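The primary structure of each chain is shown beneath.
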Amino acid sequence: MKVAMLRSKLLTALDLVTNVVAKKPTQPALACVRISAMTNGTVRFDTSNLTAGITRTETAIEVARGGDIALNAHDLRERVQKASAEDVVFTLAKDAARVSIRSGAMAFSMAPFPIEEMPEIIELSAGEAVSVPTAMVARAIAAVAGSAYQGIDRPQQHQVRF
């Protein structure tokens, strides 16, 4: 996998999807963001805490080689925030043991998490119905609402739309 994208697009995606990622999750896979790059120039970012999942898709990305990787979401976000260059390039080593990330003079590598251990986010088509237990919906709303209102003193004055 080799992907080059604007730092601003990467940070926008990571800012959104890390909202459901705990700093110290109960399972290592829940600390990760799955990054799926397609050769059509689309990159998808997925995270889940097993109650709620968030997906963000970015387009108009330079994808030399497609693929999937899973990286620690908060570590990646913190490192990309420190980058000063506009472009960020991800390159997965041929043995898939390391991902190198470059942005201008900054370069670092991260060990990817096994992609097969990532929780799957189920997508529904518009109008498609699904039956979900009430307790699960309540937990999902609490997780999403809590993430959406971090730092707000009076969340009851705001709305959450699903």
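Residues numbered from 1 in each chain as written. Predicted model: local features only at pLDDT ≥ 70, side-chain atom pairs only at ≥ 80, totals over all residues. Heavy atoms only, no water.

**Some thoughts on the nonpolar core**
Definition in use: Within this scheme, the nonpolar core is defined by two criteria: the residues are buried Ala, Val, Leu, Ile, Met, Phe, Trp, Tyr or Cys, and they are joined through side-chain atoms within 4.5 Å. Type-normalised accessible area, obtained with a 1.4 Å probe on protein chains alone, sets the label of each residue: buried when under 20%, exposed when over 50%, and partly exposed for intermediate values. Any pair of residues with heavy atoms lying within 4.5 Å of one another is described as a contacting pair.
Formed by 31 residues in total, the largest nonpolar core has its most connected members in I35, F45, L71, L76, F90 and I101. Apart from residues lying up to four places away in sequence, L71 is in contact with A31, C32, V33, I35, L76, F90, V99, I101, M110, A111 and P112. Counting 5 residues, the second largest nonpolar core, distinct from the first, contains A29, C32, F113 and M118.

**Focus on the side chain of H74**
Keep this limit in mind: Numbering of helices and strands runs from the N terminus; a helix is a DSSP stretch of H or I covering at least four residues, while a strand is a stretch of E covering at least two. In the analysis that follows, any N or O atom pair within 3.5 Å is treated as a polar contact, provided that within protein one partner can donate a hydrogen and the other can accept it, and provided that, for residues neighboring in sequence, both atoms belong to side chains.
With respect to the helices and strands, H74 occurs in helix α2 (residues 73-82). Among the polar contacts made by the side chain of H74, one reaches the main-chain carbonyl oxygen of V21 at a distance of 2.8 Å. For H74, the contacting residues outside a window of four places in its chain are T18, V21, A22, K23 and A31.

**Section: the sheet that holds strand β2 (residues 32-38)**
Note the following rule: Any two strands with at least two DSSP-identified bridges between them are counted as paired. Throughout, an axis means a line fitted to C-alpha atoms (over the contacting stretch in the case of helices), and angles, computed between N-to-C directions, take values from 0 to 180 degrees.
Strand order in this open sheet of 4 strands is β4-β3-β2-β6, and the pairing throughout is antiparallel. The open sheet terminates on both sides in strands that have one partner only, identified here as β4 (53-58) and β6 (67-72). With strand direction ignored, the average angle separating the axes of adjacent strands in the sheet is 20°. Here 5 bridges tie β2 to strand β3 (residues 42-48), and the two strands are oriented antiparallel to one another. Its bridge partner lying in β3, A37 is registered against V43. Each of β2, β3 and β4 touches helix α1 (residues 7-17); the most contacted strand, β4, lies at about 170° to it. Contacting β2 and β6, α2 crosses the sheet at an angle of about 90° to β6.

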